[in-house]
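Each chain, letter by letter, is given below.
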Amino acid sequence: MFQDDPYLMPRNSANARLLSLSKESGRNAAKYIIKQFPQYFDKILAEPNVACLMPVTLTPQLEGVNEEALRERINLRMVKASVDLFDQLLQAGTPVSLETTNSLLDLLCFYGDGEPAQEEQREEKEDLEESGVNASEQKTPKRPLQRGPRLSGSRWRENNDAERIFKIMPERNAHSYCTMIRGMAKHGASAKAYDMYTELLNERHKVDLGPSSIISEVLEDVEKRSFTAQDPDDANFFPTAMQVCCDLKDIKLAYRLNKAMEKGDNWKFLNMSQLNSYWSKFFSLLCMMEQIDVVLKWYREMPPSLFYPSPKNIVDLLQALDAANHLEAIPSVWEDMKLLGFNRRQDLLEEILSLMSRDTHPEETQLAFAKCAEDIKNVHEESWREQAPLAWTGSALGHVAVLFSRVGRTQDAWKVMERFQQANRIPTDRVMDEFLNCAKQTNSPDEAIKLVKLAVSLGLSSAHRLKSRAEKEFELSESQRKALESIQPDSDSSDSDSDSN
């Protein structure tokens, strides 16, 4: 967890990821040492002996061939040892209860006949990669989020232990069938899962395999009380369930899940990385499904120690503001972006500039947008902490020029217009018209003449039209008129412009 002391809080996403990686690295190192050298950790000398603070016992304590020992090995997630002991019980003629057999099926179908160690390492690595942001803040191709079966992980083996045990079960219930179906689906055997589902229906079992129904059933129990983590995988429940809520776009279920997470000490299930991942998914769902007032309330009230927004969260928030026609809140979001260290993310800059410049707004809002545009212009033109200035794109230049033009900042807008030629970029007709409107509004014929010259030098098809507008809409002195007349657009530009009209 982050400390509330501002000096101890990460200042940007790169530092937040570094802290997360450091903590997970320390935990993994401790787990490795305990697993490789258990003989050095078999004595408990603490006084008083607080059970919840003691190392977890990972070796079986019960000996003998009996059902109690089988349940212990299942709880310890010892896949091979559990299957071996189950087979010994059958060979000895000892019946195994339906509940215990179903628990063994749960274990086998979850891990796919494999031991849990490799699965855990792969999931921990993926969680860190998903929550991380490139430290250099450069735009890189993102690994697509995995959905459904893990194609790179374990596969459903033909006639594996789960299938073998299921076939020899003297009694099966809906739990038995549902476990097999989920295991087959998880490990890529979709055809087998469908056949099993058909068999389930033929046996007239009434079940709901939908994720929403499953989570609802779990929450009915979770909502009533606070829990203590008993297994390392317990921490995965809340982030996984929230991802299901996002996939289903079920905001009501997400609210129920969040209420259960905040009950008692349930929030302690999540480490810092999982907690931020959970809130990030919840916030994205809020942006998608809730009214903008509710979204902004959550956004303002969630403390940084719980929720450190990712670039995707900022995009989701901007899109929610756009959908609700609430773009006047963008300057506030821009201030947060600067604090979060996202003011050099080219994709976010393009998104926020596009929204601000797309339509005209009341004067107060336009002035605030122009201030944001000035900040973004400075990011592109000033070095920062030994980082080179960002490269201008044509669209970014155009957006900034339009935002300056709409508030009458003619000189600032012209400096941006000059950048088009310097950066070898081409302005759109809309950008040229917005600047000419600004020059007209501020009675700046000299800037209008400069604009016509720029259009000609860039070979724009709108040069002839812009020159005609300048002649008709501006009060020109004799020298200015001669200067404008001396500018001769290419005949090709004139022809193409007249054709477009």
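Residues numbered from 1 in each chain as written. Predicted model: local features only at pLDDT ≥ 70, side-chain atom pairs only at ≥ 80, totals over all residues. Heavy atoms only, no water.

A. View of the pattern of salt bridges. Tallied over the full model, the rule gives 27 salt bridges. Between Lys80 and Asp84 there is a salt bridge; the shortest N-O distance is 3.1 Å. Of this pair, Lys80 and Asp84 both sit in helix H3 (residues 79-91), four residues apart, roughly one helical turn. Taking relative accessible area as the criterion, Lys80 reaches 55% and is therefore assigned exposed. What makes Asp84 partly exposed here is its relative accessible area of 32%. Among the salt bridges present, the one from Arg409 reaches Asp412, with a minimum N-O distance of 2.9 Å. You can call Arg409 partly exposed: its relative accessible area is 23%. Each of Asp433, Lys440, Arg465, Arg469 and Glu473 takes part in a single network of salt bridges with overlapping partners. (Salt bridge = Lys/Arg side-chain N within 4 Å of Asp/Glu carboxyl O. Helix = DSSP H or I, 4+ residues; strand = E, 2+ residues; numbered from the N terminus. Buried < 20%, exposed > 50% of the residue type's maximum accessible area, 1.4 Å probe, protein only.)

B. Structural detail: the packing of aromatic side chains. Following the criterion strictly, the structure yields 12 aromatic pairs and no others. Look at Tyr255 and Phe282: their rings are 6.0 Å apart centre to centre, the planes differ by 90°, and that puts the pair in the edge-to-face class. With a gap of 27 residues between them, Tyr255 in helix H11 (residues 251-261) and Phe282 in helix H12 (residues 272-289) connect regions that are remote in the sequence. Lying over the aromatic face of Phe166, Arg172 brings its terminal NZ or CZ to 4.5 Å of the ring centre. Sitting over the ring of Phe110, Lys186 keeps its end group 4.8 Å from the ring centre. (Phe/Tyr/Trp six-rings, centres within 6.5 Å; stacked < 30°, edge-to-face > 60°. Lys NZ or Arg CZ within 6 Å of the ring centre and 35° of its normal.)

C. Region of the structure containing the nonpolar core. One finds Ile314, Leu317, Leu321, Ile330, Ile352, Met356 and Met417 to be the most contacted residues of the largest nonpolar core, which totals 92 residues. Of all the elements, H12 adds the most residues to this core, at eight residues. For Met417, the residues in contact, after removing those within four places along its chain, are Ala401, Val431, Met432, Phe435, Leu451 and Leu454. (Core = buried A, V, L, I, M, F, W, Y, C linked by side-chain atoms within 4.5 Å. Contact = heavy atoms within 4.5 Å.)

D. Broad picture of the side chain of Ser82. Tracing the sequence through the fold places Ser82 in helix H3. Here Ile74 takes part through its backbone nitrogen, which lies 3.4 Å from a polar atom of the side chain of Ser82. The contacts of Ser82, once residues within four sequence positions are left out, are Leu70, Arg73, Ile74, Leu104 and Leu107. (Polar contact = N/O pair within 3.5 Å; in protein donor to acceptor, adjacent residues only side chain to side chain.)

E. Representation of the confidence of the model for the chain within the structure. On average, residues of the chain score 82 in pLDDT, and 84% of them are at 70 or above. When mean pLDDT is taken per element in the chain, helix H18 (residues 394-406) scores highest with 96 and helix H24 (residues 491-500) scores lowest with 47. Low pLDDT, under 50, characterises residues 126-153; the stretch is placed with 40 contacts to residues that sit more than four places away or in other chains. Per-residue pLDDT stays below 50 along residues 493-501; that stretch engages in 10 contacts with residues further than four places along the chain or on separate chains. (pLDDT = per-residue confidence, 0-100.)

F. Just the environment of Glu72, in detail. Within the secondary structure layout, Glu72 lies in helix H2 (residues 67-75). Owing to a relative accessible area of 16%, Glu72 belongs among the buried residues under this scheme. Considering only alpha carbons, one finds Glu72 and Ser82, 10 residues apart in sequence, at a separation of 8.7 Å. Ignoring sequence-local partners within four residues, the contact set of Glu72 consists of Pro60, Gln61 and Leu62.

G. Geometry of the packing of helix H21 (residues 445-457) against helix H22 (residues 463-473). Direction vectors running N to C along H21 and H22 enclose 165°, while the axes themselves pass 9 Å from each other. In terms of axis orientation, H21 runs roughly antiparallel to H22. Like other packed secondary-structure pairs, H21 and H22 cross with a definite hand, here left-handed. Across the interface between the two elements, Leu451, Val452, Ala455 and Val456 of H21 pack against Ala463, Leu466, Lys467 and Ala470 of H22. When its residues are assigned to classes, the contact of H21 with H22 shows seven nonpolar, no polar and one charged. (Axes fitted to C-alpha atoms, helices over the stretch in contact; angles between N-to-C directions. Parallel < 35°, antiparallel > 145°, perpendicular 65-115°, else oblique. Left-handed = near helix turned anticlockwise from the far one by under 90°. Nonpolar A, V, L, I, M, F, W, Y, C, P; charged D, E, K, R; others polar.)

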